[in-house]
There are 4 protein chains.
Amino acid sequence: MGQNKRKLSGVFAPVVTPFRSDELALDDLRFNLRKLSKTDLAGYFALGSNGEFRSLNDREQIQVLDVFAGEKGNKVVMVGTGCESSRQTIEKSKLAAEMGFDYVSIITPNYFAKQIDGDTLQCYFERIADSIDIPVLLYNVPGFAGGVEIPPQTVLELSQHPNIVGMKDSSPTGPGKFLARLEPAADFHVLAGSANFFYPALHLGAAGGVLSLANVLPGPCCDLYSLFTQGEYDDAKELAFRLARLNQAISGAWGVAGVKAAMDLVGFKGCQPRHPLQGCTDEDREQVRQMIINEGFISP
Amino acid sequence: MGQNKRKLSGVFAPVVTPFRSDELALDDLRFNLRKLSKTDLAGYFALGSNGEFRSLNDREQIQVLDVFAGEKGNKVVMVGTGCESSRQTIEKSKLAAEMGFDYVSIITPNYFAKQIDGDTLQCYFERIADSIDIPVLLYNVPGFAGGVEIPPQTVLELSQHPNIVGMKDSSPTGPGKFLARLEPAADFHVLAGSANFFYPALHLGAAGGVLSLANVLPGPCCDLYSLFTQGEYDDAKELAFRLARLNQAISGAWGVAGVKAAMDLVGFKGCQPRHPLQGCTDEDREQVRQMIINEGFISP
Amino acid sequence: MGQNKRKLSGVFAPVVTPFRSDELALDDLRFNLRKLSKTDLAGYFALGSNGEFRSLNDREQIQVLDVFAGEKGNKVVMVGTGCESSRQTIEKSKLAAEMGFDYVSIITPNYFAKQIDGDTLQCYFERIADSIDIPVLLYNVPGFAGGVEIPPQTVLELSQHPNIVGMKDSSPTGPGKFLARLEPAADFHVLAGSANFFYPALHLGAAGGVLSLANVLPGPCCDLYSLFTQGEYDDAKELAFRLARLNQAISGAWGVAGVKAAMDLVGFKGCQPRHPLQGCTDEDREQVRQMIINEGFISP
Amino acid sequence: MGQNKRKLSGVFAPVVTPFRSDELALDDLRFNLRKLSKTDLAGYFALGSNGEFRSLNDREQIQVLDVFAGEKGNKVVMVGTGCESSRQTIEKSKLAAEMGFDYVSIITPNYFAKQIDGDTLQCYFERIADSIDIPVLLYNVPGFAGGVEIPPQTVLELSQHPNIVGMKDSSPTGPGKFLARLEPAADFHVLAGSANFFYPALHLGAAGGVLSLANVLPGPCCDLYSLFTQGEYDDAKELAFRLARLNQAISGAWGVAGVKAAMDLVGFKGCQPRHPLQGCTDEDREQVRQMIINEGFISP
């Protein structure tokens, strides 16, 4: 098993960025990372969507990365460094490399969504991968990227690049369309970006998952991966359904605010999202609590 | 006529940012502004979509604004300062105010598009407007903002805020839905964000337009406004159709790269867009030239 | 002025089909047509979207047309005959011709939306127009046609066909993109398909409108057209805004059920839409009534 | 195992309707059904999307059903009877019941897409199921239904109805969201509507699939189901990828025309789709042939 394959297997948490009164709450972030470090998580995605990276200025992004650098331990850390232009993305990626992280995860540019076709994306990711020393993960997330999606054929071609080693796929249809095309021999690994389709993606060859619920329920998320690798498919399916229902309920209704509220309820420090995102009300929180109880992850 | 009404009437150019080999070409920007300063344009939109503001880092944005500050003359300048979070937007807006510009134009946050509803937008724009001294223009552009659109009712409520004085609307349907709801008495002014619907928007009460074609053909764009104000509707309609066809052809096919190619062809310095946006090929440029000829704006 | 130009000018009502207990209520239809016959309406659109034509079987469609044939008087009648296949559409269009109606209005096929491109549409409309004797109107309504839209270039080419004489455009952006391209000399006329953009469309050269509100307020709709033709633009704009606000409120929230409820409130017989469309509740009706009062079209 | 469970397991072909010169080619349909009758297919879907049911008039639909009635043999036959209104759908469904078919499959109404919410759909399907004696399958296919999708909660509630026994899901995300919510005890069965996600859907509990490729390659489609039921997951995955790639290539590029061309190439009689759908050109056909060769289903 190649080094990337080993490092990119299992469950990753796209770690949230806590705020208090709209200020970065770095102690709360540190608290969460220490708690997560004791789980079976394979690693962390820093400055991802759940990390509200686009709501932080450059200075704050570095502050967040400093905390990850200090708390990394033996976890694999991928850092979201994608911007609109190649210049910006390369600049941020070099910084992530200098700070000693394992991977950069690069979202598709999308401000000029109509102009961002497969050729432009290929050209973009290749320039980034050619310009930096840290290995690159593609990040396909049309829901947060103005509908821009990396075409399967483009993923296939980028998978041949020596410095592009995988992708996180958070498209609503899941990574089946990519997995059906990839060369099994390539050292290129796909991570499912949602608990909605993590389990079936594993049956199609996904190496692991980056699951927002892993901020809340790292144990059950890791159990699901473990049940799959042990061939316990009936139990895996049942757990997968519980996690998927919870994910759809929480992220579906409230997005990152719901994830943060759920974290608060189980002993992490989710705190508030950053303005203008609205935090969950007390009533919302009670609903979130009830959902977690209903799926049997906490007692009433 | 209120001060804002006077300042927000007529045609504005959303000024492009020229690049050479992916580097900021500030001399070319200065050249363009000096040429534009001799036209009847009411003013400039700095760091807008056509200015590729999301492709510049913070340092570069300030370099661009420095050029605008130096070349402002008697033109009205609105600066795009919208980010994903209120904190970032307020920080950038304060800087624009300190540099002496006239307005900030604030795009809708949109990374978490599903969460950005009317209430969240109202909350966002009000916090910005309450926190800064420079007057605020709303910027509604679903095509570049992941489909996020400010609901008409929200615009109506925001129009009552003393520090929110207008909006630029670049939604495909144009500003009719907003204009039908606004109090005629309010000192709130709507600018059409596209030559596609600038002329009919004037008939509905728009105060002016921010037209990407004003980078290329400032004269004819100003003529259209002038024909309208003089009641020369037949001539206005014919000119509006020529500009709309050209706009749809150029921006429709190539976006900002097409605008830049057209600028090169008529004596401005458009140069290239920033990577990964692709510049027009020689063949594209010949097509652009032919379109401008066909509409009678340059001789063969 | 050509014959089509004369016949296709002014305001048309896309006449609703009343139902009682889910049965066709032909007497109510007749009642409405007699009342409408005394207005300045140019004519009727039978079996259009507001007529719920897709909810009627073939037998019922003929029953409806029989009523129109009897009540036509001196009004121009266009009949919706568009189906998914050319064969079906030609068959229905021939029937409409035999029954003596003036035009057929043909919606875009859309079941296989991804396959229905400009070339396919051109091929479709040309085959229909070549196969029948009654003149053809294109019907562009992406909101009811799975997003299918006739490209402007296709409209331009179809406008050259001797038996294609106009179009009804109900796309959200309105007909400006078509009007900017059409040869003024051609005997091809564009009708705005919504009160939302009827007034600005007139300034761009639209010949008239097919307005669902003309089922409710035929007088004010005709007044708007008349104010425009007389150059009373300030009054026209104010009336246009009142109608647009009402239209957006009623059709926006309830669709054809709202139109029918509004008809009931002003003396027509709208009755219920057909199941599974849900009729307005008493509470909805009170809201509708209040909206009509607020815009000053009825007294409290 | 309940009767419906037994009857709704395995692979179904959504049988195409052949046309020659735009006329129904019933002999070709009969030829195809006789050839399919010798395969392991569980049954047929008559008058589905691939059957171009919306392109046939009522008379022609009955002619097609007559052929199915004659060739049914021991295959399970589900008939597409969904129209826009409850009245039409009930009328057609009664006819299908009288002709002795096993199930009706009911597409969501969608002409007034904005009005068709979960409550309306529930009300619709319940009225149909209450009014007819033949058991009902829901048909969820947003791509052909103007984006209308049955919400998971609505499916859960409808699954309790004694006469609603299953669904065909052709939404791009596949049936995972429904399967995660259904009561395992209910006699309600989900069929995957696409080879793109048939295999992972089986892992989530789908009972079978309705696969357009089963018109072309009934053997391999049945093999995939059989490999899954035998727990041969590695072989199943490899075959699933070959079928998914072929399906995406053929249906993705040409829709039903591609399926028909592929049928012609392997000994069925696909013939042409009905105008205005365009048939495959000779060049397209050569591409289709090459794709089938590339996936190893026919020899060069």
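Anyway, here's the lowdown on the structure attached to this text. (Residues numbered from 1 in each chain as written. Chains lettered and ligands numbered in written order. Predicted model: local features only at pLDDT ≥ 70, side-chain atom pairs only at ≥ 80, totals over all residues. Heavy atoms only, no water.)

**Focus: the overall build of chain A**
Move 1: Helix and strand content of chain A: 12 helices and 10 strands.
Move 2: Computed over its C-alpha atoms, the radius of gyration of chain A comes to 18 Å, within 12% of the 19 Å expected for a compact globule of 300 residues.
Move 3: Over its C-alpha atoms, taken along the principal directions, chain A stretches across nearly 50 × 45 × 40 Å.
Move 4: Expressed as a percentage of its 300 residues, the buried residues of chain A come to 65%.
Move 5: If you take every contact in chain A between residues at least 6 apart in sequence, the share linking residues at least 24 apart comes to 70%.
Move 6: In chain A, which carries 28 positive and 35 negative side-chain charges, the distance between the mean positions of the two groups comes to 3 Å. (Helix = DSSP H or I, 4+ residues; strand = E, 2+ residues; numbered from the N terminus. Rg over C-alpha atoms; globule rule 2.2 N^0.38 Å. Buried < 20%, exposed > 50% of the residue type's maximum accessible area, 1.4 Å probe, protein only. Contact = heavy atoms within 4.5 Å. Lys, Arg positive; Asp, Glu negative; His and termini not counted. Charge placed at Lys NZ, Arg CZ, Asp CG, Glu CD.)

**A short note on the interface of chain C and chain D**
Move 1: Between chain C and chain D, the contact holds 43 residues from the first and 43 residues from the second.
Move 2: Roughly 3,600 Å² of surface becomes buried between chain C and chain D when both sides are summed, with 54% attributable to carbon and sulfur atoms.
Move 3: The tally of links between chain C and chain D comes to 6 salt bridges.
Move 4: Between Asp22 of chain D and Arg127 of chain C there is a salt bridge, with the nearest N and O atoms lying 3.7 Å from each other.
Move 5: Sorting the residues of the side of chain C that touches chain D by element identifies helix H3 (58-71), helix H4 (86-98), helix H5 (118-131) and helix H10 (233-254) of chain C as the ones contributing at least two each.
Move 6: Taken together, the residues of the side of chain C that touches chain D sort by class into 15 nonpolar, 15 polar and 13 charged. (Buried area = accessible area lost by both parts, 1.4 Å probe. Salt bridge = Lys/Arg side-chain N within 4 Å of Asp/Glu carboxyl O. Nonpolar A, V, L, I, M, F, W, Y, C, P; charged D, E, K, R; others polar.)

**Observations concerning the interface of chain A and chain B**
Move 1: At the junction of the two partners, chain A supplies 43 residues and chain B supplies 43 residues.
Move 2: Summed over both partners, the interface of chain A with chain B comes to about 3,600 Å²; 54% of that surface belongs to carbon and sulfur atoms.
Move 3: Across the chain A-chain B interface, the total number found is 6 salt bridges.
Move 4: Where chain A packs against chain B, one counts 18 residue pairs in polar contact (both at pLDDT 80 or more). (Polar contact = N/O pair within 3.5 Å; in protein donor to acceptor, adjacent residues only side chain to side chain.)

**Topic: the relation of the copies chain A and chain B**
The two chain copies are connected by a rotation around an axis plus a translation along it.
Move 1: In screw terms, the move from chain A to chain B is a rotation of 180° and a rise of 0.0 Å along the axis, fitting with an RMSD of 0.0 Å. Overall, the copies show the geometry of a two-fold rotation axis. Of the C-alpha atoms belonging to chain A, the one lying closest to the rotation axis is found on Gly146 of chain A, 1.9 Å away.
Move 2: Comparing contact sets, 100% of the residues at the interface of chain A also lie at the interface in chain B, consistent with an isologous, same-surface contact. (Least-squares fit on C-alpha atoms with pLDDT ≥ 70 in both.)

**Focus: the side chain of Thr17 of chain B**
All names here are of chain B.
Move 1: Position of Thr17 relative to the elements: it lies in the loop between strand S1 (10-14) and strand S2 (19-20).
Move 2: Within the structure, Thr17 has its side chain in polar contact with the backbone oxygen of Gly51 (distance 2.7 Å).
Move 3: Filtering out sequence-adjacent residues up to four positions away, Thr17 remains in contact with Leu24, Asn50, Gly51, Glu52, Leu56, Val64 and Lys260.

**So, the side chain of Thr81 of chain C**
All names here are of chain C.
Move 1: Mapped onto the secondary structure, Thr81 falls in the loop between strand S5 (76-80) and H4.
Move 2: Using a relative accessible area of 3% as the deciding quantity, one classes Thr81 as buried.
Move 3: Not counting residues within four places of it along the chain, the set of residues in contact with Thr81 comprises Thr89, Lys92, Ser93, Ala96, Val104, Ser105 and Ile106.

**Some points on the packing of aromatic side chains**
By convention here, two paired aromatic rings are described through the distance between centres and the angle between planes.
Move 1: Applying the stated criterion across every chain yields a total of 38 aromatic pairs over all chains.
Move 2: Note on Tyr111 of chain C and Phe53 of chain D: the rings are 5.4 Å apart at their centroids and 90° apart in plane angle, and the pair reads as edge-to-face. Remark: Phe53 of chain D occurs in the loop between strand S4 (43-46) and helix H3 (58-71) and Tyr111 of chain C occurs in the loop between strand S6 (103-107) and H5; the pair is interchain, linking two chains. Judged on exposure class, the residue Tyr111 of chain C and its partner Phe53 of chain D are both buried. (Phe/Tyr/Trp six-rings, centres within 6.5 Å; stacked < 30°, edge-to-face > 60°.)

**Let's talk about the nonpolar core**
Move 1: Ranked by internal contacts, the top residues of the largest apolar core, which has 415 residues, are Phe68 of chain A, Phe68 of chain B, Phe68 of chain C together with Phe68 of chain D.
Move 2: Excluding its chain neighbours within four sequence positions, the residues that come into contact with Phe68 of chain B are Val15, Leu29, Leu33, Tyr44, Ala46, Val77 and Phe101 of chain B. (Core = buried A, V, L, I, M, F, W, Y, C linked by side-chain atoms within 4.5 Å.)

**Points about the environment of Gly51 of chain D**
All names here are of chain D.
Move 1: Along the chain, Gly51 turns up in the loop between S4 and H3.
Move 2: Gly51 sits 29 residues away from Gly80 along the chain, and the two C-alpha atoms are 9.2 Å apart.
Move 3: Sequence-distant contacts of Gly51, defined by excluding residues within four places in its chain, comprise Val15, Val16, Thr17 and Leu56.

**Quick notes on the arrangement of the chains**
Move 1: Between chain A and chain C there is no contact, and the shortest C-alpha to C-alpha separation is 16 Å.
Move 2: A minimum C-alpha distance of 17 Å separates chain B and chain D, which share no contact.

**Examining helix H12 (residues 282-294) of chain A**
All names here are of chain A.
Move 1: Its 13 residues place the ends of H12 18 Å apart at the C-alpha level, agreeing with the 18 Å of an ideal helix rising 1.5 Å per residue.
Move 2: For H12, the set of buried residues is Asp284, Arg285, Val288, Ile292 and Ile293.
Move 3: The elements touched by buried residues of H12 are helix H10 (233-254) and helix H11 (256-265).
Move 4: Where H12 ends, the next residue or the one after it, Gly296, has phi of about 80°, a positive value. (Expected span 1.5 Å × (residues − 1).)

**What to know about the sheet that holds S5 of chain C**
Within a sheet, each strand pairs with its neighbour through backbone hydrogen bonds, oriented either parallel or antiparallel.
Move 1: Reading around the barrel, the 8 strands line up as S1-S4-S5-S6-S7-S8-S9-S10 (chain C) and close back on themselves, with parallel pairing between neighbours. Adjacent strand axes in the sheet meet at a mean angle of 25° when their direction is disregarded. (Pairing = 2+ DSSP bridges. Axes fitted to C-alpha atoms, helices over the stretch in contact; angles between N-to-C directions.)

**Quick look at the relation of the copies chain C and chain D**
Move 1: Placing chain C over chain D gives an RMSD of 0.0 Å and needs a rotation angle of 180°, together with 0.0 Å of translation along the axis.
Move 2: Comparing interface residues between copies, 100% of those in chain C also lie at the interface in chain D; the contact surface is shared.

**Re the sheet that holds strand S6 (residues 103-107) of chain B**
All names here are of chain B.
Move 1: Taken together, the 8 strands give a closed barrel; going around it, the order is S1-S4-S5-S6-S7-S8-S9-S10, and neighbouring strands pair in parallel fashion. Taking each pair of neighbouring strands and ignoring which way they run, the sheet shows an average axis angle of 25°.
Move 2: Of the strand pairs in this sheet, S6 and strand S7 (residues 136-140) are connected by 4 bridges, and their pairing is parallel. Residue pairing across strands places Ile107 opposite Tyr139, the latter belonging to S7.
Move 3: Across the sheet, helix H5 (residues 118-131) touches S6, S7 and strand S8 (164-169), and the angle it forms with S6 is around 160°.

**Considering the pattern of salt bridges**
Move 1: Applying the stated criterion to the full structure yields 64 salt bridges over all chains.
Move 2: One salt bridge connects Arg30 of chain C with Glu71 of chain C, and the closest N-O pair in it is separated by 4.0 Å. With a gap of 41 residues between them, Arg30 of chain C in helix H2 (residues 26-37) and Glu71 of chain C in helix H3 connect regions that are remote in the sequence.
Move 3: Among the ionic contacts, a cluster of salt bridges with common partners joins Asp27, Arg30, Arg34 and Glu71 of chain A.

**Focus on helix H5 (residues 118-131) of chain A**
Residues and elements named next belong to chain A.
Move 1: Across its 14 residues, H5 extends 20 Å between first and last C-alpha, which sits within 8% of the 20 Å expected from 1.5 Å per residue.
Move 2: By the burial criterion, the buried members of H5 are Gly118, Thr120, Leu121, Gln122, Tyr124, Phe125, Ile128 and Ala129.
Move 3: In this structure, the buried side of H5 is in contact with helix H4 (86-98), strand S6 (103-107), strand S7 (136-140), helix H6 (152-158) and strand S8 (164-169).

**Considering a negative patch on the surface**
Move 1: On the surface, Glu232, Asp234, Asp235 and Glu238 of chain A cluster together into a negatively charged patch.
Move 2: Overall, Glu238 of chain A belongs to the partly exposed group, its relative accessible area being 46%. (Patch = residues over 30% accessible without salt bridge, like charges linked within 9 Å, V, L, I, M, F, W, Y side chains within 5 Å. Areas by Shrake-Rupley, 256 points an atom, 1.4 Å probe, with all protein chains shown as cover.)

**Looking at the pairing of strand S1 (residues 10-14) of chain C**
Residues and elements named next belong to chain C.
Move 1: Most of S1 is tucked away, with 5 of its 5 residues classed as buried.
Move 2: Note: S1 against strand S10 (residues 208-210), 3 bridges, orientation parallel. For Val11, the partnering residue across the bridge sits in S10 and is Gly209.
Move 3: Bridging between S1 and strand S4 (residues 43-46) involves 3 bridges; their strand directions are parallel. Each residue of the ladder has a partner; that of Pro14, found in S4, is Phe45.

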